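Observations on the model geometry
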Amino acid sequence: ALFHEERIVQYVSLPPASLSTPLPSLCASLFSPLLLTYFPPARGIVLAYRDVELSSEPPSPASSQDAQPSRKRKRATHSHSHSTSSKSKSKSKSKSRAEDENEEGKPLLCAIHDEYSSPFLWASASFLIFRPVAHAIIPCHIVHQFSSHVALSYLNSFPVSVLKTQVPKSWTWNTYSNTSTSHTNKYNGTQEGGSEGEGYWTDSDGMPIPNVLEIRIRDFEVKSGGGRAGKGHFGIEGSLINREEELAREQARDKEGRRERRAGK
């Protein structure tokens, strides 16, 4: 499976200016910047989060694994397509807070350390996580075609690259004969032509490849943004051939390389 839902607990600081609105403040400053970025505790890309809960003590293992917390005092729901914080109703919030505290028997307390001006508390949320797996098949849309590789996109968010060595042998690279004009590929609707060296791939029947391709994940790369949320890089290296054919090609290239080295001696 490539998509997982996991509840993660963090011990975080709350800015003093956010003491009156801890939930929306933490959602905006802590959880929302994680969207579409690689989050090491989740071991994947965060697509969405929901059921945010604040507590004075770390939740028990049973409650932290539960994707649907029973307490409804401090929650917020977020999604990939709408990553804005849920606005609380100030009047009803102030009334329900006292009622909820009476129901649970204790208010939300934050810990203050001598060397820090910000109080600390526990924040937990249920994350929707995308974890790439080697050899998994994913549908991708073509973004651009090159003689050296094919650039694609998965979920309209994640870049995928397929090198020339990973395309079927029956495919052929075609350079536009008239580079002074551009035209639209009637098979996938992409704008093509107009620059020297541009072209398109065709299959064994001489037809342009479709706009959507089933890609096998070979590997993926994650680069940190240096501590800046949303500034990292994530890319998938894909293949359009099966694993057996890929191994056969690698063995043939190794054999050819050894032959060239012997000839050079």
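An account of the accompanying structure is given in this report. Because the structure is predicted, anything quoted here is derived from the model rather than measured.

Describing the side chain of R7
If you trace the backbone, R7 turns up in strand β1 (residues 3–13). On the accessibility criterion, R7 (9% relative accessible area) is buried. A polar contact of 3.3 Å, which involves the side chain of R7, links it to the side chain of S124.

A word on the sheet that holds β1
Pairing in this open sheet of four strands is antiparallel, and the strands run β1-β4-β3-β2 from one edge to the other. Each of the sheet's edge strands pairs with one partner strand only, and the pair in question is β1 and β2 (38–39). Where strand β3 (residues 44–55) lies against strand β4 (residues 120–130), eight bridges are found, and the strand directions are antiparallel. Paired with Y49 across the two strands is F127, which belongs to β4.

A word on the environment of L240
Considering the arrangement of structural elements, one finds L240 in the loop between β13 (233–239) and α4 (243–264). Given the relative accessible area of 19%, L240 is considered buried.

Observations concerning the nonpolar core
Ranked by internal contacts, the top residues of the largest apolar core, which has 24 residues, are F130, I138, L152, Y154, L213 and I215. Residue assignment for this core shows that the elements contributing at least two residues are β3, β5 (137–145), β6 (149–154), β7 (158–163), β12 (212–223) and β13. Composition of this core by domain shows at least three residues from each of domain 1 (1–59 + 110–131) and domain 2 (136–178 + 197–264). If we skip the residues at most four places from it in the chain, L213 touches I138, P139, C140, I142, L152, W171 and L240.

Topic: the pairing of β6
For β6, the tally of buried residues reaches five of six residues, placing the bulk of the element in the interior. As defined by bridge partners, β5 adjoins β6 across four bridges and the pair is classed as antiparallel. From the neighbouring strand, H141 faces β6, where its bridge partner is S153. Linking two consecutive strands that pair antiparallel, namely β5 and β6, is a turn of three residues. Pairing geometry for β6 and β7, over six bridges, is antiparallel. By the bridge assignment, V150 is partnered in β7 with V162. Counting the residues between successive antiparallel strands, the hairpin from β6 to β7 contains three residues, one of them, L155, with a positive phi of roughly 60°.

About the criteria used
- Residues numbered from 1 in each chain as written.
- Predicted model: local features only at pLDDT ≥ 70, side-chain atom pairs only at ≥ 80, totals over all residues.
- Heavy atoms only, no water.
- Helix = DSSP H or I, 4+ residues; strand = E, 2+ residues; numbered from the N terminus.
- Buried < 20%, exposed > 50% of the residue type's maximum accessible area, 1.4 Å probe, protein only.
- Polar contact = N/O pair within 3.5 Å; in protein donor to acceptor, adjacent residues only side chain to side chain.
- Pairing = 2+ DSSP bridges.
- Core = buried A, V, L, I, M, F, W, Y, C linked by side-chain atoms within 4.5 Å.
- Domains from an automatic or database assignment.
- Contact = heavy atoms within 4.5 Å.

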